[in-house]
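Listed below are the residues making up each chain.
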Amino acid sequence: MDRTARHSENRYGNRPTMKDVAARAGVGLKTVSRVVNSEPGVTPDTERRVQEAIDALGFRRNDSARVLRKGRTASIGLVLEDLADPFYGPLSRAVEEVARAHGALLINGSSAEDPEREQELVLALCARRVDGLIVIPAGDDHRYLEPEIKAGVATVFVDRPAGHVEADMVLSDSFGGAREGVAHLIAHGHRRIGFIGDQPRIHTVTERLRGYRAAMADAGITVEEEAWVSLGSTDPARVRPAVEAMLAGPEPVTALFAGNNRVTVTAVRVIAERERPVALVGFDDIELADLLGITVISQDAAAVGRTAAEHLFRRLDGAAHPPSRVELPTRLIPRGSGELPPA
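The rules behind these values
Residues numbered from 1 in each chain as written. Predicted model: local features only at pLDDT ≥ 70, side-chain atom pairs only at ≥ 80, totals over all residues. Heavy atoms only, no water. Helix = DSSP H or I, 4+ residues; strand = E, 2+ residues; numbered from the N terminus. Rg over C-alpha atoms; globule rule 2.2 N^0.38 Å. Contact = heavy atoms within 4.5 Å. Areas by Shrake-Rupley, 256 points an atom, 1.4 Å probe, with all protein chains shown as cover. Lys, Arg positive; Asp, Glu negative; His and termini not counted. Charge placed at Lys NZ, Arg CZ, Asp CG, Glu CD. Buried < 20%, exposed > 50% of the residue type's maximum accessible area, 1.4 Å probe, protein only. Pairing = 2+ DSSP bridges. Right-handed = clockwise from strand over helix to strand, strands pointing away. Salt bridge = Lys/Arg side-chain N within 4 Å of Asp/Glu carboxyl O. 1 Å grid on protein atoms, 1.4 Å probe; cavity = no way out; pocket = protein on both sides within 12 Å on 5 of 7 lines; lining within 4 Å. Points joined across faces, edges and corners; volume = space filled by probe spheres on them. Nonpolar A, V, L, I, M, F, W, Y, C, P; charged D, E, K, R; others polar. Core = buried A, V, L, I, M, F, W, Y, C linked by side-chain atoms within 4.5 Å.

**Some words on the overall build of the protein**
For the protein, the count of helices and strands is 15 helices and twelve strands. At 27 Å, the protein has a C-alpha radius of gyration far larger than the 20 Å of a compact globule built from 343 residues. Principal axes of the C-alpha set define a box for the protein whose edges measure 90 × 45 × 35 Å. The long-range share in the protein, meaning contacts at least 24 apart out of those at least 6 apart in sequence, stands at 65%. Roughly 17,200 Å² of accessible area belongs to the protein as shown, and the carbon and sulfur atoms make up 50% of that amount. Side chains of the protein carry 43 positive and 49 negative charges; the gap between the two charge centres is 7 Å.

Here it is as structure tokens:
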């Protein structure tokens, strides 16, 4: 039984090789190589026979050998916080489009906001010889990446700065956006404004909380920290009681600033259950926010992803300028919930 027949019997784990193609087409191995790599020196009839053999066997070129010869894999890695988060959908899509325009493949994965998992995933991508990395950090110490960066792995950090390494970063203006959103509530008469955010160790959380405090200070309002500020998991089981506590008692808050899209969704549900109207501004847009009338501070996730990917490929093309920090503006979108006056 010849090798081609054995391949047919054992479908899995035994991919056809260039030798199989050469045997089926009745040509030499070098001829197959020329056809596969679009090199000259093959007659049209021979090229047709080789291509028919490739199609019949389902042969795919092994790029591993090309990597060894050229030193580049034409692939980049993207490490996200949570693949299910709506913010990362357009960001990932934008990165993929830029990668595709440069003839590169995008490989992505999720850290689940776990620093150890982030490190494991990043180093696994490096072991697979990706040319570059775009990382949304889960941790605050990225010295583990120093050997990879020195070895030539271009790296851009997104949404949050890198910790203890010099690298390019692309961020949204979390401080300015939160400050604008809270100032918007103050302009509509609110002085008792609650802030509900994610884990305090996350850079974007501290920046948005800083923006909240700055807007309150600008208006001469003293923040009642224990009653008006709540940080922690964005799980509804944690956010719901936090919202309910702020809206309860003899002096409840009259407005809420939600620190991200997941907090906003839970806040909307709690507010919908109450008779007294409560003003709300959320950081990050959410699905159906336009129909529900939710005022938001919008980040352009696609612009963040596109900018990061363009920076990465400029590095891969040889750009040698010092690490840069790009901060993209946010945008206030008034839709009704943030324009309600105090009850």
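**Notes on the pairing of strand E9 (residues 279-283)**
Counting buried positions along E9 yields five of five residues, so the element is predominantly enclosed. In E9, alternate side chains face the same way, and those of Ala279, Val281 and Phe283 on one face and Leu280 and Gly282 on the other are all buried. Alignment of strand E8 (residues 255-258) against E9, held across four bridges, turns out to be parallel. Note that in E9 the partner of alanine 255 across the bridge is alanine 279. Considered for its hand, the β-α-β crossover made up of E8, helix H13 (residues 261-272) and E9 is right-handed. Two elements, E9 and strand E10 (residues 295-298), share three bridges in a ladder whose sense is parallel. Within the sheet, the bridge partner assigned to valine 281 lies in E10 and is threonine 295.

**Here's the deal with the pattern of salt bridges**
Side-chain pairing between opposite charges can occur once the charged atoms of the two side chains come close. One pass over the full model with this rule turns up 21 salt bridges. A salt bridge links aspartate 45 to arginine 48; the nearest nitrogen and oxygen atoms lie 2.5 Å apart. Residue aspartate 45 and its partner arginine 48 are both found in helix H4 (residues 44-57); the two are separated by three residues, about one turn of the helix. Exposure remark for aspartate 45: the relative accessible area of 40% places this residue in the partly exposed category. The partner of glutamate 225 in a salt bridge is arginine 213, and the shortest N-O contact between them spans 2.9 Å. Here glutamate 225, found in helix H11 (residues 225-228), pairs with arginine 213, found in helix H10 (residues 203-218); they are twelve residues apart in sequence, far enough to count as distant. Assessed through its relative accessible area of 35%, glutamate 225 is described here as partly exposed. Here arginine 213 falls in the partly exposed class, since its relative accessible area comes to 36%.

**Considering the layout of surface pockets**
Computed from the structure, the second largest pocket encloses a volume of approximately 400 Å³. Lining the second largest pocket are 20 residues, and of these Pro86, Asn261, Asp285, Ile286 and Glu287 sit closest to its centre. Per-class residue counts for the lining of the second largest pocket are nine nonpolar, five polar and six charged.

**A look at the nonpolar core**
Counting 42 residues, the largest nonpolar core has Tyr212, Met216 and Leu256 as the members making the most contacts within it. The dominant element in this core, judged by the number of residues it contributes, is H13, at five residues. One finds Leu106, Ile134, Ala309 and Leu316 within the second-largest nonpolar core, a separate group that totals 26 residues.

Geometric values such as these leave the question of function open.
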